[in-house]
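A structural walkthrough
The lines below spell out each chain.
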Amino acid sequence: MTARIQYLHQVIAQPDFWNNPTRAYEVLQEIEYSIFYKHQEYQRWCSILEDIKAALELLELSADDELLLEAQTNLTQLQQELETVEIQQLMSDPCDQKGALYKWCREKLPNYS
C-alpha cells in the first residue's frame, strides 16, 4: 500500500493534476482511505496489545488457564498480522526487485534456502 501512496503523491505533484477535478477527487479519496485504513489497523493492534498487557497483569495475580489461552491467542494473532504487514512492505518496496522477499525468508525461516 505504501508504494501505491507514493505513486499517488507523484500523480498529485504533476502540474496538470488539478485540470481533471474528477480524477483529482478520486486520487485524494484513495489516499484518504489508505490513511484511514492504516490508522484503523494501528488502533486495532494497540487494542489487542492492551488486552494482552491486561491479561498478563491479571495472570501475575492468579493463574487462569482460560485467560492465558486468550492472551496467547491474541499474541499469535498480532504476530501474524504484523508479519503479514512486514511482507507487504517488502513486496511494495522498490528493493523487492533485488530479492527482498528471498532475503526476508532467509532471515526469518532458518531452514529456507
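Owing to the predicted nature of the structure, the values given are computational and were not obtained by experimental measurement. (Residues numbered from 1 in each chain as written. Predicted model: local features only at pLDDT ≥ 70, side-chain atom pairs only at ≥ 80, totals over all residues. Heavy atoms only, no water.)

From N to C terminus, the protein chain includes four helices and zero strands. Moving toward the C terminus, one meets the helices and strands of the protein chain in the order α-α-α-α. Residues counted as buried form 21% of the 113 residues belonging to the protein chain. Pairs at least 24 apart in sequence give 40% of the contacts found in the protein chain among residues at least 6 apart. Of the roughly 8,800 Å² that the protein chain leaves accessible, carbon and sulfur atoms contribute 55%. (Helix = DSSP H or I, 4+ residues; strand = E, 2+ residues; numbered from the N terminus. Buried < 20%, exposed > 50% of the residue type's maximum accessible area, 1.4 Å probe, protein only. Contact = heavy atoms within 4.5 Å. Areas by Shrake-Rupley, 256 points an atom, 1.4 Å probe, with all protein chains shown as cover.)

In this structure, L8, V11, F17, A24, V27 and I31 together form the largest nonpolar core, which totals six residues. Elements supplying a minimum of two residues to this core: α1 (2-13) and α2 (21-61). (Core = buried A, V, L, I, M, F, W, Y, C linked by side-chain atoms within 4.5 Å.)

Glancing now at the packing of aromatic side chains. In this structure the tally under the stated criterion is two aromatic pairs. Their ring planes at 80 degrees and their centres at 4.7 Å tell us that F17 and W18 sit as a pair that is edge-to-face. The exposure class of F17 is buried, given its relative accessible area of 6%. Between Y33 and Y37, the ring centres sit 6.4 Å apart and the planes meet at 20 degrees, which makes this aromatic pair stacked. Note that Y33 and Y37 are positioned in helix α2 at a spacing of four residues, about one turn of the helix. (Phe/Tyr/Trp six-rings, centres within 6.5 Å; stacked < 30°, edge-to-face > 60°.)

On to the pattern of salt bridges, then. Counted under the stated rule, the structure contains three salt bridges. With its nearest N and O atoms 4.0 Å apart, the salt bridge here joins R23 to E26. Separated by three residues within a single helix, R23 and E26 lie in helix α2, roughly one turn from each other. For R23, a relative accessible area of 33% translates into the label partly exposed. For E26, a relative accessible area of 43% corresponds to the partly exposed category. (Salt bridge = Lys/Arg side-chain N within 4 Å of Asp/Glu carboxyl O.)

Turning our eyes to something else, we now look at a negative patch on the surface. The grouping of D51, D64, D65, E66 and E70 at the surface amounts to a negative patch. The biggest single contributor to the negative patch is helix α3 (residues 65-92), with three residues. When you line up the elements, E70 lands in helix α3. (Patch = residues over 30% accessible without salt bridge, like charges linked within 9 Å, V, L, I, M, F, W, Y side chains within 5 Å. Lys, Arg positive; Asp, Glu negative; His and termini not counted. Charge placed at Lys NZ, Arg CZ, Asp CG, Glu CD.)

So, on to the confidence of the model for the protein chain. With 81% of its residues at a pLDDT of 70 or more, the protein chain has an overall mean of 84. Looking over the protein chain, one finds the lowest element-wise mean pLDDT in helix α4 (residues 100-108), namely 67, and the highest in α2, namely 91. (pLDDT = per-residue confidence, 0-100.)

Let us look at the environment of S34. Tracing the backbone shows S34 in helix α2. For S34, a relative accessible area of 6% puts it in the buried group. Put simply, S34 and R4 are 30 residues apart on the chain and 9.2 Å apart in space, counted from C-alpha to C-alpha.

Moving on: the side chain of N74. As for its placement among the helices and strands, N74 is situated in helix α3. Those residues in contact with N74, other than ones at most four positions away along the chain, are I48, D51 and I52.

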